There are 2 protein chains.
Amino acid sequence: MSPRPAVRPGGRSARVRQSVHTAVRELLQERGRDGLTVPLVAARAGVTPSTVYRRWGTLRELLSDVAVERLRPGSPPEDLGSLRADLEGWATSFAQQTASPAGQARLRDTLAGDPDGSNSGRCAAYAAGQIETILSRAAARGERAPDAETVLDHVVAPLVYRALFRQGPPDADGYARSLVATVLYRLIPLP
Amino acid sequence: MSPRPAVRPGGRSARVRQSVHTAVRELLQERGRDGLTVPLVAARAGVTPSTVYRRWGTLRELLSDVAVERLRPGSPPEDLGSLRADLEGWATSFAQQTASPAGQARLRDTLAGDPDGSNSGRCAAYAAGQIETILSRAAARGERAPDAETVLDHVVAPLVYRALFRQGPPDADGYARSLVATVLYRLIPLP
C-alpha cells in the first residue's frame, strides 16, 4: 500500500508522514535495518503503531516510501552551459549515488516494498524530470538533443542495472561519461 | 547468506537444495507469497527448519535463491541463422519474461534477499552467457557483431529497468526489437 495521495501540506497527515520518515532515518542510522520494527518507529515518531500500519501496511512498504523520498532530487541539475556538460554532470553524480552502498540499499528498499509499482515509478520519474530539465535547456540554447526516453534507456538504465545486478562499474564516473558520449554521438537522430 | 558452493551433484546437500526449492515453488503456487513460512517449507521438504535457517539464513534469502534459479536458462538460445534473428529472438523472449508479473516478481525476489549481491550477479551472468553464445555464433558466421557488454548495457539493462521501475513497455516485443536495431545499426564499431 502506498501512502494515500498527499493532503494539505502542513496538515496532520503531512506532519505524521514527516515525523515517521524522520524516525525511520534516525533509527536506520542508530540500529541498522535489522533493528527496525514498526513499534520502535511509531514510538520515536510519537504516533501509535496502528497509525503506521494503517498508512503504510508493513515495515517494508514504509522503508520503500522512505527510500524513494531520499532519492528525490533536492534541486534541478546544475546549468553548466552545454548539453554535454549538463548531462555528464548529472550522470556522474547519479552514477556515484547508485553505485554507493547507501544508494544501492535505497534502490533495493524502493523495490522491496512496492506492491503496486508506484514507488519505483516515482524513482524513474525523478530521473526523467531532471533529464527533461537538461534537455529543455539544450533546446533553448539551440543544441541538437536526444529525447528523454533515449537518455533513460541508454544512460539511466545501464547505470541502474550495473548497480543492482553487477556490483557497479569499477569506475562510475568514466562509465557514466562513456554512456553520455554514446547517446550524444551515436544515438541523436541525424538532422 | 547464499547457499554454500555446490557440493557433489546427487549428494545430500544437492538433494536438500532440490527438495527445498520444490517445496517453495509448490507452496508459492498454493498459498502465495504471504502464506509462506520457513517451518511450512521445511515440513513440505521433509527437513528440519534449522536445516533451512542454517543454509539460507532467512525466508527472504531462500526466496531469492529460488527466484534466480528459475531465471536460469534451460537451453542455449535458438540458432536462427543470423545475428539479427538470434538477438531479436532472445531479446523478445527475455522482454516477455521480465515484463510478465511472474518475471517481475522473480527479479524483485532475487534482489530482496541478496545481501552479498551473488544472486543478482548470477542473474546477470545468465543473460551474459546467452548473449555470448549468440555473439560467438555470429563470429563463426563472419558477421560483424557488438561485444557482450554493449548488448548488456543497451538491450538487457533498458528491458530490466523498464520492467522494474516503469511498469514495463506497452509493447515488449516491439521495444526489444528496437533496442536490438539500435545496437546493430548504431553501436557496432565501424570496421
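None of the values given here were measured: they were computed from a predicted structure.

The rules behind the values
Residues numbered from 1 in each chain as written. Chains lettered and ligands numbered in written order. Predicted model: local features only at pLDDT ≥ 70, side-chain atom pairs only at ≥ 80, totals over all residues. Heavy atoms only, no water. Helix = DSSP H or I, 4+ residues; strand = E, 2+ residues; numbered from the N terminus. Buried < 20%, exposed > 50% of the residue type's maximum accessible area, 1.4 Å probe, protein only. Contact = heavy atoms within 4.5 Å. Areas by Shrake-Rupley, 256 points an atom, 1.4 Å probe, with all protein chains shown as cover. Lys, Arg positive; Asp, Glu negative; His and termini not counted. Charge placed at Lys NZ, Arg CZ, Asp CG, Glu CD. Buried area = accessible area lost by both parts, 1.4 Å probe. Salt bridge = Lys/Arg side-chain N within 4 Å of Asp/Glu carboxyl O. Polar contact = N/O pair within 3.5 Å; in protein donor to acceptor, adjacent residues only side chain to side chain. Nonpolar A, V, L, I, M, F, W, Y, C, P; charged D, E, K, R; others polar. Least-squares fit on C-alpha atoms with pLDDT ≥ 70 in both. Phe/Tyr/Trp six-rings, centres within 6.5 Å; stacked < 30°, edge-to-face > 60°. Lys NZ or Arg CZ within 6 Å of the ring centre and 35° of its normal. Expected span 1.5 Å × (residues − 1). UniProt positions renumbered as here; feature names shortened; annotations may be inferred. Disulfide = S-S within 2.5 Å.

Draft legend 1. Spatial organisation of the overall build of chain A. Along chain A, the regular secondary structure elements total 9 helices and 0 strands. For chain A, the N- to C-terminal ordering of α and β elements is α-α-α-α-α-α-α-α-α. For the C-alpha atoms alone, the extent of chain A along its principal axes is close to 60 × 40 × 25 Å. Relative to its 191 residues, chain A shows a buried fraction of 49%. Excluding contacts between residues fewer than 6 apart, the proportion of contacts in chain A whose partners are at least 24 apart in sequence is 71%. Of the accessible surface of chain A, which amounts to about 9000 Å², a share of 53% is contributed by carbon and sulfur atoms. A gap of 7 Å separates the mean positions of the 25 positive and 20 negative side-chain charges of chain A.

Draft legend 2. Main features of the environment of A:Ala23. Residue and element names in this part refer to chain A. Relative to the assigned elements, Ala 23 resides in helix α1 (residues 12-31). Note on Ala 23: relative accessible area 2%, which makes it buried. Taking C-alpha positions, Ala 23 is 5.7 Å from Val 41, a pair spaced 18 residues apart along the chain. Not counting the four nearest positions on each side in its chain, Ala 23 is found in contact with Val 41, Arg 44 and Ala 45.

Draft legend 3. Looking closely at the interface of chain B and chain A. Of the residues lining the interface, 33 residues belong to chain B; the matching set on chain A comes to 33 residues. When the two sides are added together, the surface that chain B and chain A hide from each other amounts to roughly 2900 Å², 55% of it contributed by carbon and sulfur. Counting the surface chain B buries against chain A, the share from its top three residues, B:Tyr161, B:Phe165 and B:Arg186, is 25%. In this structure, the connection of chain B to chain A is made through 8 salt bridges. The shortest N-O distance in the salt bridge between A:Asp153 and B:Arg162 comes to 3.7 Å. Inspection of the chain B/chain A interface yields 20 residue pairs in polar contact (both at pLDDT 80 or more). Breaking the side of chain B that touches chain A down by element, the ones donating at least two residues are α6 (101-112), α7 (118-141), α8 (148-165) and α9 (172-186) of chain B. By residue number, the principal contributor to the side of chain B that touches chain A is α8(B), which donates 12 residues. Of the residues in the side of chain B that touches chain A, the class split is 17 nonpolar, 7 polar and 9 charged.

Draft legend 4. Expanded view of the side chain of B:Gln130. Residues and elements named next belong to chain B. Tracing the chain through its elements places Gln 130 in helix α7. Here Ser 75 takes part through its backbone oxygen, which lies 3.2 Å from a polar atom of the side chain of Gln 130. Discounting chain neighbours no more than four positions away, the residues touching Gln 130 are Pro 73, Ser 75, Pro 76, Pro 77 and Trp 90.

Draft legend 5. How the structure looks around the relation of the copies chain B and chain A. In screw terms, the move from chain B to chain A is a rotation of 180 degrees and a rise of 0.0 Å along the axis, fitting with an RMSD of 0.0 Å. The transformation relating the two chain copies, once decomposed into turn and shift, fits a two-fold axis. Both copies contact each other with a shared surface, as 100% of the interface residues of chain B are interface residues in chain A too.

Draft legend 6. Seen up close, the packing of aromatic side chains. Taken as a whole and assessed by the stated rule, the structure comprises 4 aromatic pairs over all chains. Taking NZ or CZ as reference, B:Arg162 lies 4.5 Å from the ring centre of B:Tyr175, over its face.

Draft legend 7. Here's a closer look at helix α4 (residues 59-71) of chain B. Residues and elements named next belong to chain B. For α4, built from 13 residues, the straight-helix expectation of 18 Å at 1.5 Å per residue is met to within 8% by its first-to-last C-alpha distance of 19 Å. Within α4 the residues assigned to the buried category are Glu 61, Leu 62, Leu 63, Ser 64, Asp 65, Val 66, Ala 67, Val 68 and Glu 69. The inward-facing, buried residues of α4 abut α1 (12-31), α2 (38-45), α3 (49-56), α6 and α7.

Draft legend 8. The arrangement of the environment of A:Gln96 in detail. Among the secondary structure elements, A:Gln96 is positioned in helix α5 (residues 83-99). Once the C-alpha coordinates of A:Gln96 and A:Asp171 are considered, the two residues, 75 residues apart in sequence, prove to be 9.3 Å apart.

Draft legend 9. Examining the environment of A:Leu159 more closely. Residue and element names in this part refer to chain A. Checked against the element boundaries, Leu 159 lands in helix α8 (residues 148-165). According to the relative accessible area criterion, Leu 159 is buried, its value standing at 2%. The sequence separation of Leu 159 and Ile 131 amounts to 28 residues, and the corresponding C-alpha distance is 14 Å. Each residue touching Leu 159, except ones within four places of it in the same chain, is listed here: Ala 91, Phe 94, Ala 95, Thr 98, Tyr 175, Ala 176 and Leu 179.

Draft legend 10. Quick peek at the UniProt feature "domain: HTH tetR-type" (unreviewed entry) in chain A. On the UniProt side, "domain: HTH tetR-type" (unreviewed entry) is annotated at positions that read residues 14-74 of chain A here. For residues 14-74 of chain A, the end-to-end C-alpha separation is 18 Å, with 77% helix and 0% strand making up the annotated structure.

Draft legend 11. Expanded view of the state of the cysteines. Within the structure shown, the criterion is met by 0 disulfides over all chains. Residue A:Cys123 stays outside any disulfide, its sulfur separated by 18 Å from that of B:Cys123, the closest cysteine. Accessibility expressed as a relative area gives 10% for A:Cys123, which makes it buried.

Draft legend 12. A look at the pattern of salt bridges. Per the stated rule, a full pass over the model turns up 36 salt bridges over all chains. Among the salt bridges present, the one from A:Asp86 reaches A:Arg137, with a minimum N-O distance of 3.4 Å. Linking A:Asp86 in helix α5 with A:Arg137 in helix α7 (residues 118-141), this pair joins segments that are 51 residues apart in sequence. A single burial state applies to A:Asp86 and to A:Arg137, both of which are buried. Ionic pairing is found between B:Arg141 and B:Asp86, a salt bridge with its closest N-O pair at 3.1 Å. One end of the pair, B:Arg141, is in helix α7; the other, B:Asp86, is in helix α5 (residues 83-99), and 55 residues separate them in sequence. Of the residues examined, B:Asp86 reaches a relative accessible area of 1% and is grouped as buried. Three or more residues joined by partner-sharing salt bridges are found here, namely A:Arg17, A:Asp65, A:Glu69, A:Arg72 and A:Arg122.

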